[in-house]
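As a plain string of letters, each chain reads:
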There are 2 protein chains.
Amino acid sequence: MSIRVGIMGYGNLGRGVECAVKHNPDMELVAVFTRRNPEDLKILTETAKVYSADDAEKMKDEIDVLIICGGSATDLPVQTPRYVQWYNVVDSFDTHAKIPEHFENVDRAAKESGHVGIISVGWDPGMFSLNRMYANAILTNGRDYTFWGKGVSQGHSDAVRRIAGVKDARQYTIPVESALESVRRGENPELTTREKHTRECFVVAEEGADLARIEEEIKTMPNYFDEYDTTVHFISEEEMKKNHSGIPHGGFVIRTGKTGWEDEHSHVIEYRLRLDSNPEFTSSVIVAYARAAYRMAKEGQTGCRTVFDVAPAYLCAAEGAELRRHML
Amino acid sequence: MSIRVGIMGYGNLGRGVECAVKHNPDMELVAVFTRRNPEDLKILTETAKVYSADDAEKMKDEIDVLIICGGSATDLPVQTPRYVQWYNVVDSFDTHAKIPEHFENVDRAAKESGHVGIISVGWDPGMFSLNRMYANAILTNGRDYTFWGKGVSQGHSDAVRRIAGVKDARQYTIPVESALESVRRGENPELTTREKHTRECFVVAEEGADLARIEEEIKTMPNYFDEYDTTVHFISEEEMKKNHSGIPHGGFVIRTGKTGWEDEHSHVIEYRLRLDSNPEFTSSVIVAYARAAYRMAKEGQTGCRTVFDVAPAYLCAAEGAELRRHML
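Residues numbered from 1 in each chain as written. Chains lettered and ligands numbered in written order. Predicted model: local features only at pLDDT ≥ 70, side-chain atom pairs only at ≥ 80, totals over all residues. Heavy atoms only, no water.

1. Here's the deal with the packing of helix H2 (residues 76–83) of chain A against helix H3 (residues 99–113) of chain A
All names here are of chain A. Put simply, the rule is: Structural elements are reduced to axes, namely lines fitted to C-alpha atoms, with helices fitted over the stretch in contact, and the angle between N-to-C directions of any two is expressed from 0 to 180 degrees. Helix numbers and strand numbers start at the N terminus; a helix is a DSSP run of H or I with at least 4 residues, a strand a run of E with at least 2. Note on angle classes: values under 35 degrees are labelled roughly parallel, values over 145 roughly antiparallel, values of 65 to 115 roughly perpendicular, and the remainder oblique. In this scheme the crossing of two helices becomes right-handed for a clockwise turn of the near helix relative to the far one and left-handed for an anticlockwise turn of less than a right angle. Should any heavy atoms of two residues lie within 4.5 Å, those residues are considered in contact. Nonpolar residues are Ala, Val, Leu, Ile, Met, Phe, Trp, Tyr, Cys and Pro. Charged residues are Asp, Glu, Lys and Arg, and all others, Gly as well, are polar.
The N-to-C vectors of H2 and H3 enclose an angle of 20°; their axes lie 8 Å apart at closest approach. With respect to their mutual orientation, H2 and H3 come out roughly parallel. Crossing angle aside, the handedness with which H2 passes H3 is right-handed. Contact with H2, carried on its side by Leu-76, Pro-77, Thr-80 and Pro-81, involves His-102, Asn-105, Val-106 and Ala-109 of H3 and no other residues of that element. In terms of residue class, the contact of H2 with H3 is made up of 5 nonpolar, 3 polar and no charged.

Take a look at the structure:
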C-alpha cells in the first residue's frame, strides 16, 4: 500500500512536492489543500483532489503524511502545530533563530495527538545542517564555512522590487571563488561578509526612472546590500523573462580540521549542491522525510523531529538488508 | 562521566583512534589490547593501560565501547561477533560483498548479549555510503558516481611489493579530472574503469633488477592494474621516504538527477573528502560512532547497526537543543 500524501498550500514548494511524489512510486498524492477557491486551482495529478484548507481536518483518515508548504514568517508557526493535531506532518521552517521555539510548539502538539512532525526540512536548514553536523562530529578540531550560490535569493529580489521605479528584479548571490579556494586549501581564512559573497542584480526599470538613483538605493540598502559588493544590470522585460525566470540555487558546506596526536594532519570535507530549481530540490528532500515520518509514526514514535533525529535508513524506499547490500 | 573507550589492535587505525579520542573531551581511552607482548607496546596516552588481547573479557565492566581495529579479511569476521559478547563495539569492516553476512553474525551475537555493534564505519564504507543513500533518497531519478583519490591504495601498493625485484612501492589512485567534470556538468557519462581512474606507482627496485620487466609486470597485473592506465616511476629509497611516507586519500560521491513534472530540472549533489591521513580520518569517524553506540546502548537498544541506522544527533557530544540552536 502506498504512503498517502497531502499537500497544504500550492505555491512553488507545493507544486514541487507534487512532482517529487510522482518520482516516488511508494507514494501517492491524495489531496491538495488551498486557501484559494478550490475550484480555481488546477493541479497536475489527475488522481488527487483539491480541497479548501478549511476542510483539512476532515481528511485525517485518508492521509498518512501532510506536507505543509506555507511560508516561515507567518504560516508555519501557526500551521504546523495546528495540523499535527490530525496528521503526521513535515515542514520546511527556515527562520533559523526561531527553530527552538517552533520545535517546542510542534513537539507539544505532536505528543498530545500522537503524531510525528518533522520540521525545518530542505537543504538549508536540512542537508546543509546535516553535513555541518556530521563534519563537526568527525573533525571536532576544525572550522566551518558555508557559501551560498550561485542562486536566486527571493528575499533580496523582493527587496529590490520594493524600490520606487523598479518593475521587476532578480538578485543572485554568488560565492567568491578565491575565498572558496582558500578554504579548500585549508588556510582557515577569517572572511568578512564582503569577502564571502557578491551580489548581482538584474533590474527592469519603469520607463523614465532614474537608473543612477535606483542603483544607489540598491547598493546602500542596509542589511541586504550595504555589506556586499553589488553589481546592478538594467535589462528589458523580455530579457528578464528569457534569462532569469528559473530559480536556481546551491552552495557549499566545508569543514576543515586537524587530526593526529599533535594535530599534524589536515582534512577537508566538502558538500556541494548545484540546483536548477531550488523549490523542487527542497520538495524532494521533504518527500524523503515524509516517508520517514510515516515509518516513525508506524513504529509508535510521537513528537517533533529534525533531520538530526532521523536515521538515514528511514528515508529510502528500499529495506535495510537491500541498502546494506547495494549502498553500503 | 566520560565514555570509556578500549582499542583492540594497535596498528595505524588503532593509533588513529587513540588520537581521535584525545580530540573528544567527553571520552577517555582506558585500555589498548594487543596480540603482541603488552610490555613491548608503547602507546601515547599516559593514563591508558596496555593488555593482552587474551585478557579482553576481563575489562568488561571498565569499558563502555570497544573499538575493533583489526583487518577485514580475517580479523573482524571473528573479532566483532566475539567481542560484542562483552562490549558495545564499533568496527570498520570494509569487504563490501560480505557486509550482509557480517551484519547477521554481529546482530545475532549482539542481541544475545544485549549490546550494540556498529559495523563498517569509516568513509567508504561509511560517509560515502551515507552520502550515496541521502542523495538517492532525494534524487530518486538519477545516477551515482564514486571516484577515489588522489590517495594511496594499500592493497595495490602491497601487490606491487610482491613482484620480484621490488624493494618498496607506493601506489596512488587518481580520479580522471575530465570524467569528474563531465559528471559534474550533468552529462551522465557511461564511464569504463579506465576512464574513471588512473594509477601511479612509485617503486624502489633492488639493485640490478630488470626495471622494464617490473614495469611490465605491474601494468599487466590482472584485476589490480590491467584495466587501468598506469604510470610507473622508479625512485630511490630516500625519495620514497621523503615524499611518499604519508597515507593520504579521499574521493568524490556525486549524484546527478532530475526533478519536475517532465524531468525538466537537473541537480548535482557532490560530497568530497581530501584527507592527509586515511587511517586518522577513518578513526575520527569511528570514534563519533562509538559515542552513538554508547548512547544507543544506554537507551536499551541491542543488535547490529550500520551508519544507515544511526540518527545523526547521536554522533555529536552536544545535546539536541544545542544542536538545533547552533547547527540547524
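2. Topic: the interface of chain A and chain B
Rule in force here: Buried area adds together the accessible area that both of two parts lose upon being put together, with accessible area traced by a 1.4 Å probe. Any Lys or Arg side-chain nitrogen located within 4 Å of an Asp or Glu carboxyl oxygen qualifies as a salt bridge.
At the junction of the two partners, chain A supplies 68 residues and chain B supplies 68 residues. By the criterion of area lost to chain B, the three top residues of chain A are Trp-261, Arg-324 and Leu-328 of chain A, representing 15% of everything that side buries. Linking chain A with chain B are 2 salt bridges, by the criterion used here. Ionic pairing is found between Glu-270 of chain B and Arg-274 of chain A, a salt bridge with its closest N-O pair at 3.6 Å. Secondary-structure elements contributing two or more residues to the side of chain A that touches chain B are helix H1 (12–22), H3, helix H4 (127–138), strand E12 (249–259), strand E13 (265–275), helix H10 (278–298) and helix H11 (320–326) of chain A. In terms of residue count, E13 of chain A provides more of the side of chain A that touches chain B than any other element does, 11 residues in total. The residue makeup of the side of chain A that touches chain B, split by class, is 34 nonpolar, 18 polar and 16 charged.

3. Considering the sheet that holds strand E8 (residues 151–152) of chain A
For sheets, the rule is that strands pair by backbone hydrogen bonds, running either parallel or antiparallel. Residues and elements named next belong to chain A. This is how the line gets drawn: The pairing criterion is simple: DSSP has to find at least two bridges between the two strands.
Sheet architecture is open: 4 strands sit in the order E8-E9-E10-E11, paired in mixed fashion. On the outer flanks of this sheet lie E8 and strand E11 (229–234), each paired with one strand and no other. Where strand E10 (residues 197–205) and E11 come together, 6 bridges link them in parallel fashion. Looking across to E11, one finds that Cys-201 is bridged to Val-232. In the packing of helix H5 (residues 154–161) onto the sheet, contacts are made with E8, strand E9 (166–175) and E10, and the angle to E9 comes to roughly 145°. Most of the contacts of helix H8 (residues 211–219) go to E11, to which it runs at about 150°, and overall it touches E9, E10 and E11.

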